[in-house]
Amino acid sequence: MTTTSFSVRFSGCFLTLLIWGCTSVVCLVDENSAAQPATTIGYHTTETMAANATYGKSTMSFGCGNNTHMCVEYCSICHEFSSVPLMECLSMLFDHLCLSHFEEAMTSLRTDWWCTWSNVSGLYSNLSTCTEEISDCLLIPWPSPLVEQIFVDIHSTYFKDCPSEELSDPPPVIIFALVITPICLIPVMVSLVVLKTKNGDGSS
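Scope of this entry: the structure provided in the associated data block.

What counts, and at which threshold
Think of each chain on its own: its residues are numbered from 1, step by step along the sequence as written. In keeping with the model being predicted, local features are shown solely for residues with a pLDDT of at least 70 and side-chain atom pairs are shown and tallied solely at 80 or more, while totals for entire chains, interfaces and linings include all residues. Think of the side-chain values as coming from all heavy atoms in the structure, minus any hydrogens and water. Ring pairs shown here join Phe, Tyr and Trp side chains whose ring centres sit within 6.5 Å, with only the six-membered ring taken for Trp; geometry is labelled stacked below 30 degrees between planes, edge-to-face above 60, and tilted in between. Residue exposure (1.4 Å probe, protein chains only): buried if accessible area is under 20% of the type maximum, exposed if over 50%, otherwise partly exposed. Like-charged residues are merged into a patch within 9 Å and nonpolar side chains (Val, Leu, Ile, Met, Phe, Trp, Tyr) within 5 Å, provided each residue has over 30% relative accessible area and no salt bridge. With residues, only the protein chains shown are counted as cover, and all accessible areas are computed by Shrake-Rupley using a 1.4 Å probe. A carboxyl oxygen of Asp or Glu within 4 Å of a side-chain nitrogen of Lys or Arg is what we treat as a salt bridge. Only runs of H or I of at least four residues qualify as helices and only runs of E of at least two qualify as strands under DSSP, and these elements are numbered from the N terminus. Axis lines are fitted to C-alpha atoms, over the contacting stretch for helices. Their N-to-C directions set the angle, which ranges from 0 to 180 degrees. Here the word oblique covers every angle except those under 35 degrees (roughly parallel), over 145 (roughly antiparallel) and from 65 to 115 (roughly perpendicular). Residues count as neighbours in contact if any of their non-hydrogen atoms are within 4.5 Å of one another. For this scheme, ten residues count as nonpolar: Ala, Val, Leu, Ile, Met, Phe, Trp, Tyr, Cys and Pro. Four count as charged, namely Asp, Glu, Lys and Arg, and the remainder, Gly too, count as polar. Here, the term nonpolar core denotes a set of buried Ala, Val, Leu, Ile, Met, Phe, Trp, Tyr and Cys residues that are joined through side-chain atoms within 4.5 Å.

1. Describing the packing of aromatic side chains
For any pair of aromatic rings, geometry is given as the distance between the ring centres together with the angle between the planes.
Then, number 1: Summed over all chains, the structure comprises six aromatic pairs.
Then, number 2: Ring geometry for W117 versus Y124: centroids 5.6 Å apart, planes at 65 degrees, classification edge-to-face.
Then, number 3: Overall, W117 belongs to the exposed group, its relative accessible area being 56%.
Then, number 4: Aromatic pair Y158 and F159: ring centres 6.4 Å apart, planes at 55 degrees, arrangement tilted. F159 shares its class with Y158; the two are buried.
Then, number 5: Each member of the aromatic cluster is reached from another via a ring pair, and the members are F102, W114, W117, Y124, F151, Y158 and F159.

What follows is the structure, encoded as structure tokens:
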């Protein structure tokens, strides 16, 4: 009875220990199996993001800068219109993103304020910065003939009637005085030299 009871107890303990051991091993295997895909997924996610970024750049037929966070958007727009030359895409971006804001701001000002530099300097500076930023993103030198033409156009549109007294020609009277003064001084100087020479010869 005692031997049988001991065997039953030992068998029960052994069975309990065996079940516990198997459960622990299965749990460890399950944890490792569950952890491995998580690590793999995380790795592939990072790799995919890098691949997508590289893929995005490599599929473009032109270089794209990374000076600002907007460069990707500018380059994507020109990439979507790949049939359009890059300079034409740049011109469209200037029109829609730079010139439109400048024209709206100028329209909101009174026309008699256009010739006051303090009123338009900020708008002028924003337009310049906008064209420079887009050009840098598309890796196009700035300033370019296109940018120069834009500023020529806005000057002829908004600032052609502005007085520029500091750059205007002086009155004709002042011009005549400045021209005639050295002309009159030449014979006087020649006469003085001749008189000095004669006096010198007579004294010797």
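2. A short note on a nonpolar patch on the surface
Then, number 1: A surface patch of nonpolar side chains, amounting to about 380 Å² of accessible area, comprises L185, V188, M189 and L192.
Then, number 2: Along the polypeptide, M189 turns up in helix α6 (residues 172-203).

3. Quick notes on the packing of helix α3 (residues 86-108) against helix α4 (residues 117-137)
Then, number 1: Viewed as axis vectors pointing N to C, α3 and α4 meet at an angle of 170 degrees, and their least axial separation amounts to 10 Å. Considering their axes alone, α3 and α4 lie roughly antiparallel with respect to each other. Across the interface between the two elements, L90, L93, F94, L97, C98, L99, F102, A105 and M106 from α3 touch V120, L123, Y124, L127, C130, T131, I134 and S135 from α4.
Then, number 2: Of the residues assigned to the contact of α3 with α4, the class counts are 15 nonpolar, two polar and no charged.

4. Remarks on the nonpolar core
Then, number 1: Among the nonpolar cores identified, the biggest contains 30 residues, and M106, I134, L138, I154 and F159 are the most heavily contacted of them.
Then, number 2: If you list the elements that add at least two residues to this core, you get α2 (71-80), α3, α4 and α5 (145-158).
Then, number 3: At eight residues, the largest contribution of residues to this core is made by α3.
Then, number 4: Ignoring sequence-local partners within four residues, the contact set of I134 consists of Y74, L90, L93, F94, L97 and C98.

Nothing here speaks to function; it is all geometry.
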